[in-house]
2 protein chains.
Amino acid sequence: MKLQQLRYIVEVVNHNLNVSSTAAGLYTSQPGISKQVRMLEDELGVQIFIRSGKHLTSVTSTGKEIIRIARDILSKIESIKSIAAEHTCPDKGSLYVATTYTQARYVLPHIITHFIKKYPQVSLHIHQGSPKQIADSISRGNVNFAIATEAFHLYEDLLMLPCYYWNRSIIVPTKHELATKKNITIEELSKYPLVTYTFGFTGKSELDQAFSNAGVTPHIAFTATDADIIKTYVRLGLGVGIIASMAIDKKLDLDLVQLPTNNIFSNSTTKIGFRRTTFLRSYMYDFIRQFASHLTRDLVNHALSLRSNKEIDVMFQKISLPIK
Amino acid sequence: MKLQQLRYIVEVVNHNLNVSSTAAGLYTSQPGISKQVRMLEDELGVQIFIRSGKHLTSVTSTGKEIIRIARDILSKIESIKSIAAEHTCPDKGSLYVATTYTQARYVLPHIITHFIKKYPQVSLHIHQGSPKQIADSISRGNVNFAIATEAFHLYEDLLMLPCYYWNRSIIVPTKHELATKKNITIEELSKYPLVTYTFGFTGKSELDQAFSNAGVTPHIAFTATDADIIKTYVRLGLGVGIIASMAIDKKLDLDLVQLPTNNIFSNSTTKIGFRRTTFLRSYMYDFIRQFASHLTRDLVNHALSLRSNKEIDVMFQKISLPIK
DNA sequence: AGTCGTTACGATGCCCGTAAGGATA
DNA sequence: TATCCTTACGGGCATCGTAACGACT
């Protein structure tokens, strides 16, 4: 059994069982992968992939178990490299962060500015994507950190650390009839066409929950995955916008009015997560700390010593998180 | 980085930094190992071993971390092989058990008899050794299971499952003046020279505890690591023997009298343990079950889902263990 | 003086890449 | 018909084993 063989089977799965595109992705030849995969299967005496003629159609149940462990192994190989790098050049390396639009556009910029100034030798990459894409990226080991506000069930294998609470703002154009309103209820809100996030993005489910709890059905006129598109359609008068408060830019959004929400929506939580097997470089601890100042190295390590995300949530109930 | 390189550094550590004996153990040449170790160090850019001239004297702190992860990786490689074997020939494989004399001599025989009859294709190996040797064997990955009654602090990295409670018996030759005594107290016992286990073997610390709690100092005339030697010296009249009750053979020990201990010693627990990363073959689950019938496959899996051995102990407080 | 790790060198064998073949959608 | 995996073949390179060297106990 060779490490390359494990890499190959994992990457073949990552490339949806397409060996050719896998080969392209690994800058190697397609027959080489094909052969190594078969050699591994021969050595183990089990099929990993089910072939229909000359196409790989699916992964056997045995194969799935093997793939899972192979991922662990490759991740630990990376850990060894990280340990070595940490001792030779502690400030040099790379950091991949997967997150959603709102974080990438409104929250991360000033943190990243500071980070790259402090660690000029660390190459930092932001993968922006849907919660599902983020979950895939991190479980495949393509990225170190996931920052998420939604669909935490996708991240169950990860260590998820709460970073801050946040809530929504209701936005309307300055000329809108609600623009001067001081108090707004959820019932009133439900009378207007709404423009907000697509399902599964940036706290959409808590939004639905609030309407459902109040027993009213909102009229969703339009949804988008990011706040800038929502703002654009609000500006066009398509409806009342509901976006994350941190997505309001006080300088650029002068033509929009932010109404007080009076806590009609419950708080959402933004969390940062990583695989438990990840070896955390010191600059990674620092990144976490810069993103959420209460997440000290010791606190992160303590969370790592806990088994489940439930225990972690309990632990963080004792710590007051900032509200954005 | 190659798997062989990881195997080499781990085995070099296992062989007390002696590359020559490592080479012999791996049936390969000594320069080959030497070179691969150096190549790995060059690739990682860190020293793993500290050399004084041409001798390896110790492992660097970085090296220790790397060794630990390398062991994990190699263990997972074995898991993959096990998964494959489980699907091709579920009843074929090997099982290594490390344990102390008392288990190997008095408890395991009838279990093993049954096991090898049920799984003739599984090659079963018993490593008998001191608690320290057992702990080394399992942490090095030489054995699958450790069965232990003592010094559980040595096994902290393992999943330890309680199997049964047991206690000691006091034995004297039939002609001894205590032979007809019905009730014996710990104070009386302390007046006689005692023959019992060496420190660190088969529940010696609970024994000391009992004397210490009673405020008396026992006179230990002789200690040995196994019950048969203790019996021999009891037969010679060297003193009163205190051994594990299961080490009394009703047929062979007719010349010895077993006195009622009246609960003057507290119960000890025998546990079976394995590394959490071990992939458990179905015959391994079955072995555990045969050793401790309450340890069903589901219960073992549930214990595996718990984080710490403390949680496991709590879990087993709800389950009544047999007493031997 | 003996044990032990490093260096040098030659051969085997494995892995990779190109090219051709056959099956599926 | 186009895509895709498999088989076949040849070149390059890494690994391994033998042998000689140098260092420490």
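Residues numbered from 1 in each chain as written. Chains lettered and ligands numbered in written order. Predicted model: local features only at pLDDT ≥ 70, side-chain atom pairs only at ≥ 80, totals over all residues. Heavy atoms only, no water.

Before going further, it helps to examine the pattern of salt bridges. All names here are of chain A. Enumeration according to the criterion identifies 27 salt bridges over all chains in this entry. Of the charged contacts in the structure, one is a salt bridge between Asp 253 and Arg 235, with a shortest N-O distance of 3.0 Å. Taken as a pair, Asp 253 in the loop between strand 10 (240-244) and strand 11 (256-259) and Arg 235 in helix 9 (residues 227-235) lie far apart in primary sequence, 18 residues in all. By relative accessible area, which is 9% here, Asp 253 ends up buried. Across the pair Asp 255 and Arg 235 runs a salt bridge whose closest N-O atoms are separated by 2.7 Å. Taken as a pair, Asp 255 in the loop between strand 10 and strand 11 and Arg 235 in helix 9 lie far apart in primary sequence, 20 residues in all. By relative accessible area, Arg 235 is classed as partly exposed at 35%. (Salt bridge = Lys/Arg side-chain N within 4 Å of Asp/Glu carboxyl O. Helix = DSSP H or I, 4+ residues; strand = E, 2+ residues; numbered from the N terminus. Buried < 20%, exposed > 50% of the residue type's maximum accessible area, 1.4 Å probe, protein only.)

Another aspect to go through is the sheet that holds strand 8 (residues 193-197) of chain B. Pairing between sheet strands relies on hydrogen bonds along the backbone, with the strands arranged either parallel or antiparallel. Residue and element names in this part refer to chain B. Judged by pairing direction, the sheet is mixed, and its 5 strands sit side by side in the order 9-8-10-7-11 without closing on themselves. If you trace the sheet from one side to the other, it starts and ends with strand 9 (219-224) and strand 11 (256-259), each paired once. Looking at each pair of strands side by side, their axes are set apart by 30 degrees on average, direction ignored. Two strands pair when backbone bridges link them, and strand 7 (residues 168-173) and strand 11 are joined in this way by 4 bridges, in the antiparallel orientation. Residue pairing for strand 11: Ile 171 is matched across the bridge by Gln 258. On the sheet, helix 8 (residues 204-214) packs against strand 7, strand 8 and strand 10 (240-244) and is oriented at approximately 150 degrees with respect to strand 8. (Pairing = 2+ DSSP bridges. Axes fitted to C-alpha atoms, helices over the stretch in contact; angles between N-to-C directions. Contact = heavy atoms within 4.5 Å.)

Overlay of chain A on chain B (RMSD 0.1 Å): rotation 180 degrees, translation along the axis 0.1 Å. In symmetry terms, the pair is related by a two-fold rotation axis. Both copies present the same face, since 100% of the interface residues in chain A are matched by interface residues at the equivalent positions in chain B. (Least-squares fit on C-alpha atoms with pLDDT ≥ 70 in both.)

To continue, consider the packing of aromatic side chains. Residue and element names in this part refer to chain B. Per the stated rule, a full pass over the model turns up 16 aromatic pairs over all chains. Here the aromatic rings of Tyr 164 and Phe 291 are separated by 6.0 Å at their centres, their planes lie at 55 degrees, and the arrangement is tilted. In this pair, Tyr 164 sits in strand 6 (residues 158-166) while Phe 291 sits in helix 10 (residues 282-291), placing the two residues 127 residues apart along the sequence. Judged by its relative accessible area of 1%, Tyr 164 is buried. (Phe/Tyr/Trp six-rings, centres within 6.5 Å; stacked < 30°, edge-to-face > 60°.)

Okay, the protein's contact with DNA strand D next. Not every one of the 22 residues close to DNA strand D is listed here, only the nearest: Gln30(A), Ser34(A), Lys54(A), Lys2(B) and Thr28(B). The separation between a phosphate oxygen of DNA strand D and a polar side-chain atom of Tyr8(B) is 3.4 Å. Take Thr28(B): an N or O atom from its side chain is 2.6 Å from a phosphate oxygen of DNA strand D. Put simply, the parts of the chain that give the surface near DNA strand D at least two residues each are helix 2 (19-25) and helix 3 (30-44) of chain A together with helix 1 (3-14) and helix 3 (30-44) of chain B. For the surface near DNA strand D, the element with the most residues is helix 3 of chain A, which contributes 4 residues. When grouped by side-chain class, the residues that make up the surface near DNA strand D number 6 nonpolar, 11 polar and 5 charged. (Near = heavy atom within 4 Å. Polar contact = N/O pair within 3.5 Å; in protein donor to acceptor, adjacent residues only side chain to side chain. Nonpolar A, V, L, I, M, F, W, Y, C, P; charged D, E, K, R; others polar.)

Attention shifts here to the sheet that holds strand 6 (residues 158-166) of chain A. Residues and elements named next belong to chain A. One open sheet accounts for 5 strands, arranged 4-3-5-12-6; its pairing is mixed. This sheet does not close on itself; its edge strands, each paired only once, are strand 4 (122-128) and strand 6. With direction set aside, neighbouring strand axes in the sheet form an average angle of 20 degrees. In terms of strand pairing, strand 5 (residues 145-148) meets strand 12 (residues 268-275) through 3 bridges, oriented antiparallel. Bridged to Ile 147 within strand 12 is Ile 272. Helix-sheet contacts for helix 5 (residues 101-118) involve strand 3 (93-99), strand 4, strand 5, strand 6 and strand 12, and the interaxial angle to strand 4 is about 175 degrees. The sheet contacts of helix 10 (residues 282-291) involve strand 3, strand 4, strand 5, strand 6 and strand 12, and relative to strand 3 the element is tilted by about 40 degrees.

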